[in-house]
Amino acid sequence: YAGIWDKAAGPASKARHGLTAEQYQNAFDGMSKNGYTISHVSVLSIGGSPRFAAIFEKNAPPTAARHGLTAAEYQNAFEDYASKGFRLKVVSGYKQGDSDRYAAVWVKTSGPQWSARHGIKGAFYQHVFDNYTYQSWEPRYIQAFNSASGVRFNGVWENTAFKASDLALIEKKVRAYMQANGV
């Protein structure tokens, strides 16, 4: 494990690590009963078995968390929570047996425009990162993991340079041009 600590005022917090999926769920349930919400989850695979590390905070905004998701299940959860006004805070990929799984935390809060990608192949990560940078997106969370098929990356970016309406207009114009020209 590696960690970074900031010395700053903030809510009471508790951390747990080295948890199996069942222990993680039990910690999540127990912390929730005591007024804590999850603010971060990270998962690693030891011998094909996931081990969870989590940080819980008192009096945090509403959150939603899911784990053990396939890529398709994660995408469905991502779209569902985003449609309900939740922002993705963390997505942690890990290998479970011979397949990839995802654990994620969404938070219901406002903020700048955001975008996320998961399962980016190692060979394409720099290209994806550079494209976001060229479009004024700043990384807020990046995670690398050993997947069943090699190194993969997950990321969350924010854009404070453009208003949401500006980005929507750009997207609309680009899509119209692509459709009109068969791109």
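Whatever comes next refers back to the structure up there.
Residues numbered from 1 in each chain as written. Predicted model: local features only at pLDDT ≥ 70, side-chain atom pairs only at ≥ 80, totals over all residues. Heavy atoms only, no water.

### Section: helix H4 (residues 164-180)
In plain terms, the rule: Each helix is a run of H or I in the DSSP string that is no shorter than four residues. Each strand is a run of E no shorter than two, and both are numbered from the N terminus. The span one expects for a helix is its residue count, reduced by one, times 1.5 Å.
Here H4 spans 24 Å end to end across 17 residues, near enough to the 24 Å set by a 1.5 Å rise per residue. Directly beyond the C-terminal end of H4, a positive phi value near 65° is found at glycine 182.

### What to know about the nonpolar core
For clarity, the cut-off: Definition used in this section: a nonpolar core is a set of buried Ala, Val, Leu, Ile, Met, Phe, Trp, Tyr and Cys residues joined via side-chain atoms within 4.5 Å. To sort residues, take the accessible area from a 1.4 Å probe on protein chains only and compare it with the maximum for the residue type: under 20% means buried, over 50% means exposed, and anything in between is partly exposed. Contacts are residue-level and defined by heavy atoms, with any inter-residue pair within 4.5 Å sufficient.
If you look at the biggest cluster of nonpolar residues, it comprises 32 residues, and the most contacted ones within it are Val41, Phe52, Tyr74, Leu88 and Trp106. Top element by residues in this core is strand E6 (residues 99-107). It accounts for five residues. Residues in contact with tryptophan 106, not counting those within four places in the same chain, are Pro62, Thr63, Ala64, Arg66, Tyr74, Ala77, Phe78, Tyr81, Phe86, Arg87, Leu88 and Lys89. Within the second largest apolar cluster, eight residues are counted, among which are Tyr132, Trp137, Phe153 and Trp157.

### With respect to the packing of aromatic side chains
Our working rule: Side-chain rings of Phe, Tyr and Trp, where Trp is taken by its six-membered ring, are said to pair if the distance between their centres is within 6.5 Å; with planes under 30 degrees apart they count as stacked, over 60 as edge-to-face, and otherwise as tilted.
Counting across every chain of the model gives 13 aromatic pairs. A ring pair is formed by tyrosine 132 and tryptophan 137, whose centres lie 5.9 Å apart and whose planes are at 85°; its orientation type is edge-to-face. The burial state of tyrosine 132 is the same as that of tryptophan 137; both residues are buried. In this structure an aromatic cluster arises from ring pairing among Tyr74, Phe78, Tyr81, Phe86, Tyr102, Trp106, Trp114 and Phe145.

### Structural notes on the sheet that holds strand E5 (residues 87-96)
Under the convention used in this document: DSSP-based pairing: two strands are paired if at least 2 bridges between them are found. Throughout, an axis means a line fitted to C-alpha atoms (over the contacting stretch in the case of helices), and angles, computed between N-to-C directions, take values from 0 to 180 degrees.
Ordered by their spatial adjacency, three strands build an open sheet running E4-E6-E5, and the pairing between neighbours is antiparallel. The open sheet is flanked by strand E4 (63-69) and E5, the only strands paired with a single partner. Strand-to-strand twist across the sheet, computed as the mean angle between neighbouring axes with direction ignored, equals 10°. The sheet contact formed by E5 and E6 spans nine bridges and is antiparallel. Considered in E6, the bridge of valine 91 is made with alanine 104.

### Concerning a nonpolar patch on the surface
Condition: Within this analysis, patches are made of residues with over 30% relative accessible area and no salt bridge. Like charges are joined at 9 Å or less; nonpolar side chains (Val, Leu, Ile, Met, Phe, Trp, Tyr) at 5 Å or less. Areas reported as accessible are Shrake-Rupley estimates using a 1.4 Å probe. Residue values count occlusion only from the protein chains shown. The term salt bridge refers to a side-chain nitrogen of Lys or Arg lying within 4 Å of a carboxyl oxygen of Asp or Glu.
A cluster of nonpolar side chains, Phe162, Ile170, Val174, Tyr177, Met178 and Val183, forms an exposed patch at the surface whose accessible area comes to about 560 Å². When its relative accessible area of 62% is taken as the criterion, valine 183 is described as exposed.

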